Amino acid sequence: MADNTIEIKNLEFTYSGGLSPALSISELKVLPGQKVFIYGPSGSGKTTLLEVLSGVLEPQKGFLKVAGVDLLGLSNSQRDQFRAQNIGYVFQTFNLLPYLTVIENIELPIHLTGKTIKNFQGWQKRLIERLGLVDLIDRSVQNLSVGQQQRVAVARALLGKPAILLADEPTSSLDSENRESFLQLLFELAKEVGTTVIFVSHDRSLEPLFDRCIPFSELNRDLSGVVK
Amino acid sequence: MKTFLSLAFKSLAHRKQTVGLTVLSLSLSLFLILSVEKVRLATEKGFTQTISQTDLIVGARTGPTNLILATVFNRGTFANNIKESTFDHWKNHPSVEWTIPLSLGDGHRGFRVVGTSEDFFRHYHYQGQLGLEMMEGAWGTGLLEVTIGSEVARTLGYRLGQKVIIDHGVTRDVGMLHHDDHPFKVVGLLRPTGTIIDQSLFVSLESLETLHEESKEEEEGDHHHAHDHELTAFFLKLKNRIDVLNLQREINNFKTEPLSAVIPSVVVNELWQTLSYVEKALRLLGFCILGVSLLSMVSILMATLNERRREMAILRALGGSPFQLASLLVLESSLITFLSLALGLLLQILIIFVAQDWVKEKYGLFLESGGSIGSDWMSLLGVAVLGCMMGFVPAWKVYRTALKDGLSVK
């Protein structure tokens, strides 16, 4: 059996100044290439989970291994590098820097990490084509529709061929027809580079499209009020 | 780094209005500081270099300040004169290159009248190398001819050929006695110098003598100014400056007549030092202005920070470290600062270039134009450093938030 892409054991994260942990997960394992749907109400800590998985936030205790890297053993800057190398991130809305063009936004992570764009040109071309952005690349992102903006965000998140794509309700601003096709396209592209998809949402209507579905209340013990 | 520079540029360009206003206020205050500095320098130079190339000023025994004030700045009075024979003695001294005789004490409508020789026009210098130049006409050497300074001409509206009546014994106000039997004729107009020369009228010693002879007959009173072949003071230049202290001692110990010799540059600089509070006040004013604009830059940066939380979250999600985000903000404030520096400097050079002549004409101040950063580099460097440092305030806030609160946009 292949190594898990994500492995969590007895993980706890508390915001500085917080009285109780915002996140407390006893166990979670995700296989490479899996498409995981985590649902739960807004404000339950789903976003905090994604921030912990991406290394933005540092948990205080437990075991957390993502893409083969033990995140608790890393320094702040090592976690930032880890994120640049291994994680693609898509927010609910406003994913793009308003003062850059479409192509500048897509290439931004490559430039930020100091890599050369040449190594990604083939994949970039394919992403732009498949996501229907060919005619938009030199446009300012401010003139794009919400759907177009989310597709630019996906192109950017997948360009670095990340091990994991973290998606924080990226479809909630889309209408239901576009939602499904958007997700299908995302899956298809993620599959091409073997990217694992972790998708959090409060809306369960998309559940059937995923390999695996986890209620956040079961994952996060403290908020479900079960065990301590 | 290149990426961040281009990000900073584009981000600033995206916020044209607020950034533009910040740059404007910063560059205006910089312009003010630089201008204050220029005016300060011009004032100092105008004052301390009212007279140059003159090694010694010699008059009847008195204090050095008094001697300078009376001969160079037209302030204060003289109790005694010196004999013409004394003047001749020093004029012919082997180490003396030239002398300028002065007979002071008369006036014309509030301006001073200087009785002197053609040597004044030939040898008087100010601000180092600058000599006197005629605007119109020629230096009057003949009897009852007068040469006038630019401000005299401007204030009184005098032109060549104008008849001028000289007041006897008074320089400050309109005199009680006029030498109205002997109207002088304006034969020369001097170019502006920004010194007391502009406020003076020059006549020959002979003309003045004729005048005084007659008035003496009329009133038979005591006069505190030169007559009977007497002078008030004289300027002197040495062939070799090294002899200045020796000659000064020699003149001070002159047996025939009690004399004082002073080195003008030393005394004038001392006088300026006593006025240095003006200088300090001007500087302080400049720094207050700068402080206010730097604070306004910080407040603008902090205010826009709220709108930019999303931007910061995106950069963070892409792998940007809190340190990188903070540097981006410092970079932005630095760009704003340097842009303002360039603009302020440009504005100052431009305005001085345009207003130079007007200021010279109106206030007698010589503003140095051109890109001479010279003495300004300290202020410029100070502003550059402070401006860049102001970026640390929002940067610190972003840094803290990034570490503590993750990507959440609160």
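Reading the values: the criteria
Residues numbered from 1 in each chain as written. Chains lettered and ligands numbered in written order. Predicted model: local features only at pLDDT ≥ 70, side-chain atom pairs only at ≥ 80, totals over all residues. Heavy atoms only, no water. Helix = DSSP H or I, 4+ residues; strand = E, 2+ residues; numbered from the N terminus. Buried < 20%, exposed > 50% of the residue type's maximum accessible area, 1.4 Å probe, protein only. Contact = heavy atoms within 4.5 Å. Areas by Shrake-Rupley, 256 points an atom, 1.4 Å probe, with all protein chains shown as cover. Buried area = accessible area lost by both parts, 1.4 Å probe. Salt bridge = Lys/Arg side-chain N within 4 Å of Asp/Glu carboxyl O. Phe/Tyr/Trp six-rings, centres within 6.5 Å; stacked < 30°, edge-to-face > 60°. Lys NZ or Arg CZ within 6 Å of the ring centre and 35° of its normal. 1 Å grid on protein atoms, 1.4 Å probe; cavity = no way out; pocket = protein on both sides within 12 Å on 5 of 7 lines; lining within 4 Å. Points joined across faces, edges and corners; volume = space filled by probe spheres on them. Nonpolar A, V, L, I, M, F, W, Y, C, P; charged D, E, K, R; others polar. Pairing = 2+ DSSP bridges. Axes fitted to C-alpha atoms, helices over the stretch in contact; angles between N-to-C directions. pLDDT = per-residue confidence, 0-100. Core = buried A, V, L, I, M, F, W, Y, C linked by side-chain atoms within 4.5 Å.

### Comments concerning the overall build of chain B
Counting its secondary structure elements, chain B contains 14 helices and 14 strands. Sorting the 410 residues of chain B into buried and exposed places 51% on the buried side. Residue pairs at least 24 apart in sequence account for 78% of intrachain contacts in chain B once pairs closer than 6 positions are excluded. Accessible surface for chain B amounts to roughly 19400 Å². Of this, 60% is attributable to carbon and sulfur atoms.

### With respect to the interface of chain A and chain B
Taken together, the 26 residues of chain A in the interface contact 25 residues of chain B. Roughly 2300 Å² is buried in total at the junction of chain A and chain B, and carbon and sulfur atoms are behind 65% of that figure. Area buried by chain A at its contact with chain B is led by Phe91, Tyr99 and Leu112 of chain A, which between them contribute 30% of it. At the junction of chain A and chain B, the tally comes to 2 salt bridges. The partner of Glu104 of chain A in a salt bridge is Lys10 of chain B, with the nearest N and O atoms 2.5 Å apart.

### A few points about the packing of aromatic side chains
By convention here, two paired aromatic rings are described through the distance between centres and the angle between planes. Scanning all chains against the criterion turns up 18 aromatic pairs over all chains. Ring centres of Tyr89 of chain A and Phe91 of chain A lie 5.1 Å apart, and the angle between their planes is 35 degrees; on these two criteria the pair is classed as tilted. Here Tyr89 of chain A matches Phe91 of chain A in class, with each residue buried. The rings of Phe120, Phe121, Tyr124, Trp139, Phe202 and Phe235 of chain B are connected pair by pair, giving a single aromatic cluster. Directly above the ring of Phe187 of chain A sits Lys35 of chain A, whose terminal nitrogen or CZ lies 4.8 Å from the centroid.

### A few points about empty space enclosed by the protein
All names here are of chain A. Taken as a whole and assessed by the stated rule, the structure comprises 4 cavities of 30 Å³ or more. Volume-wise, the second largest cavity comes out at about 150 Å³. Taken together, 16 residues form the lining of the second largest cavity, with Ala84, Ile87, Pro109, Arg156 and Ala157 sitting closest to its centre. Every element with two or more residues in the lining of the second largest cavity is listed here: helix H2 (76-86), strand E6 (87-90), helix H3 (102-112) and helix H5 (146-159). Class assignment of the residues belonging to the lining of the second largest cavity gives a composition of 9 nonpolar, 4 polar and 3 charged.

### Focus: the sheet that holds E6 of chain A
All names here are of chain A. Strand order in the open sheet formed by 5 strands is E6-E7-E8-E3-E9, with parallel pairing between adjacent strands. Every other strand in the sheet has two partners, leaving E6 and strand E9 (212-215) as the edge strands with one partner each. Neighbour-to-neighbour, the strand axes of this sheet turn through a mean angle of 15 degrees, independent of strand direction. Summarising the sheet, strand E7 (residues 164-168) and strand E8 (residues 196-201) pair through 5 bridges and their orientation is parallel. Paired with Leu165 across the strands is Val197, a residue of E8. Strands strand E3 (35-39), E6, E7 and E8 of the sheet are contacted by helix H1 (residues 46-53), whose axis makes an angle of about 155 degrees with E7. Its contacts with the sheet place H5 against E6 and E7, and it is angled at close to 170 degrees to E6.

### Describing the confidence of the model for chain B
Residues and elements named next belong to chain B. Predicted confidence across chain B gives a mean pLDDT of 82, with 90% of residues reaching 70 or more. For chain B, the element scoring lowest by mean pLDDT is helix H7 (residues 205-219), at 72; strand E8 (residues 145-148) scores highest, at 93. Every residue in residues 220-227 is under pLDDT 50, and counting partners more than four places away or in other chains gives 21 contacts. Across the interface, the model reports ipTM at 0.88; the global pTM reads 0.70.

### Things to note about the layout of surface pockets
Empty space among the atoms becomes apparent when a probe as large as a water molecule is rolled across them. Residue and element names in this part refer to chain B. Of the volumes computed, that of the largest pocket is approximately 510 Å³. As for the largest pocket, its lining consists of 22 residues, of which Phe47, Phe73, Gly194, Ile196 and Gln199 are closest to the centre. Here the element with the most residues in the lining of the largest pocket is helix H2 (residues 16-48); it accounts for 4 residues. Residues belonging to the lining of the largest pocket are distributed by class as follows: 9 nonpolar, 9 polar and 4 charged.

### Description of the pattern of salt bridges
Applying the stated criterion across every chain, the model contains 20 salt bridges over all chains. Between Arg83 of chain A and Asp80 of chain A there is a salt bridge, and its shortest N-O distance comes to 2.7 Å. Within this pair, Arg83 of chain A and its partner Asp80 of chain A are both found in helix H2, separated by 3 residues, close to a single helical turn. For Arg83 of chain A, a relative accessible area of 0% corresponds to the buried category. Its salt-bridge partner being Asp119 of chain B, residue Arg122 of chain B comes within 2.7 Å of it at the nearest N-O pair. One end of the pair is Arg122 of chain B and the other is Asp119 of chain B, both in helix H5 (residues 118-123) and 3 residues apart, which spans about a single turn. For Arg122 of chain B, a relative accessible area of 47% corresponds to the partly exposed category. The exposure class assigned to Asp119 of chain B is buried, which follows from its relative accessible area of 15%. Three or more residues are tied together by salt bridges with common partners; here these are Arg15, Arg308, Glu311 and Glu332 of chain B.

### Some thoughts on the side chain of Gln127 of chain B
Here Gln127 of chain B is to be found in the loop between strand E5 (125-126) and strand E6 (130-131). Once residues lying within four places of it in the same chain are set aside, the contact partners of Gln127 of chain B are Lys45, Gly46, Gln49, Ser52 and Phe366 of chain B.

### Notes on unusual backbone geometry
With a phi angle near 50 degrees, Glu169 of chain A is a residue other than glycine that sits in the positive phi range. Along the polypeptide, Glu169 of chain A turns up in the loop between E7 and helix H6 (176-192).

### Things to note about the nonpolar core
Core analysis: the largest hydrophobic core is formed by 76 residues, its most contacted members being Ile8, Ile38, Leu49, Leu53, Val66 and Ile198 of chain A together with Leu7 of chain B. Per-element tally for this core: the top contributor is helix H12 (residues 322-363) of chain B, with 10 residues. The contact partners of Ile8 of chain A, leaving out residues within four places of it in the chain, are Ile25, Ser26, Glu27, Leu28, Leu49, Leu53, Phe63 and Leu64 of chain A. Val102, Ile110, Leu158 and Leu189 of chain A belong to the second-largest nonpolar core, a separate cluster that totals 40 residues.

### Remarks on the sheet that holds strand E1 (residues 6-13) of chain A
Residue and element names in this part refer to chain A. If you trace the 4 strands from one edge of the open sheet to the other, you get E2-E1-E4-E5, paired in antiparallel fashion. Each having just a single partner strand, strand E2 (23-30) and strand E5 (69-70) make up the two edges of the open sheet. Where E1 meets E2, 7 bridges bridge the pair, whose relative direction is antiparallel. What sits directly across from Lys9, in E2, is Glu27. Contacts from H1 reach E1, E2 and strand E4 (61-66) within the one sheet, and its direction differs from that of E1 by about 115 degrees.

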